[in-house]
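# An overview of the molecular structure
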Amino acid sequence: YYYMYLVEGDVCFMTFCDKLYPKKLAYKFLEEVKSEFYIQHGIDVKQARLRPFQFEKFDNFIQKTKKLYKDTSSARSLSTVASDLKDINKLLQQNIDSILLRGEKIQRVSAMSEELVNSSRKFEAQTDRLVFQQLCRKWLFIGSLLAFVVFVVIFLYWY
């Protein structure tokens, strides 16, 4: 056996279950009993006017609800669990979609950064090529001028 309980304000709702009874159903049972209790006795709880004999009428509700939850294969129990599973499934699907969307954004940012790295490499190569061309022009001019001066000196010396 196991027991489950819910504490809401000054009231504790408790149930004992067979160890094979689904915990989800036991929790749903407690939630339903709690809701109905506060519907019937919520004002009395707030004003602290409850006496034990006032619960005789509420015991009828507990017994009816217990019958509904007793058979774990009943359609009501199965539909409750099925609806909870659908809600969980929707939540998980939303989480997965959110993660995939983040993954797409990360892939896009990664692709953009890779493209930026490639562009910077191309820019660096072009810069190196332009620096080399500028050096060649500068030294070609100086070399040409020096060759001309040497040619003039040789020409004047021989003639």
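Residues numbered from 1 in each chain as written. Predicted model: local features only at pLDDT ≥ 70, side-chain atom pairs only at ≥ 80, totals over all residues. Heavy atoms only, no water.

### So, the pairing of strand 1 (residues 2–8)
Relative to strand 2 (residues 11–17), strand 1 runs antiparallel, the two being bridged by seven bridges. Across the sheet, the residue bridging to Y5 is M14, located in strand 2. Counted between consecutive antiparallel strands, the loop separating strand 1 from strand 2 contains two residues, among which G9 sits at a positive phi close to 65 degrees. (Pairing = 2+ DSSP bridges. Helix = DSSP H or I, 4+ residues; strand = E, 2+ residues; numbered from the N terminus.)

### Details of the nonpolar core
Membership of the largest hydrophobic core comes to 16 residues, with the highest contact counts inside it found for Y2, F13, Y21, A26, L30 and V33. Contributions of two or more residues to this core are made by strand 1, strand 2, helix 1 (23–47) and helix 2 (56–70). Of all the elements, helix 1 adds the most residues to this core, at six residues. (Core = buried A, V, L, I, M, F, W, Y, C linked by side-chain atoms within 4.5 Å. Buried < 20%, exposed > 50% of the residue type's maximum accessible area, 1.4 Å probe, protein only.)

### Side note on the environment of D84
Following the sequence through the fold, D84 ends up in helix 3 (residues 75–158). For D84, a relative accessible area of 11% gives the class buried. Put simply, D84 and K24 are 60 residues apart on the chain and 9.2 Å apart in space, counted from C-alpha to C-alpha. Beyond its immediate stretch of four places on either side in the chain, D84 contacts K24 and K28. (Contact = heavy atoms within 4.5 Å.)

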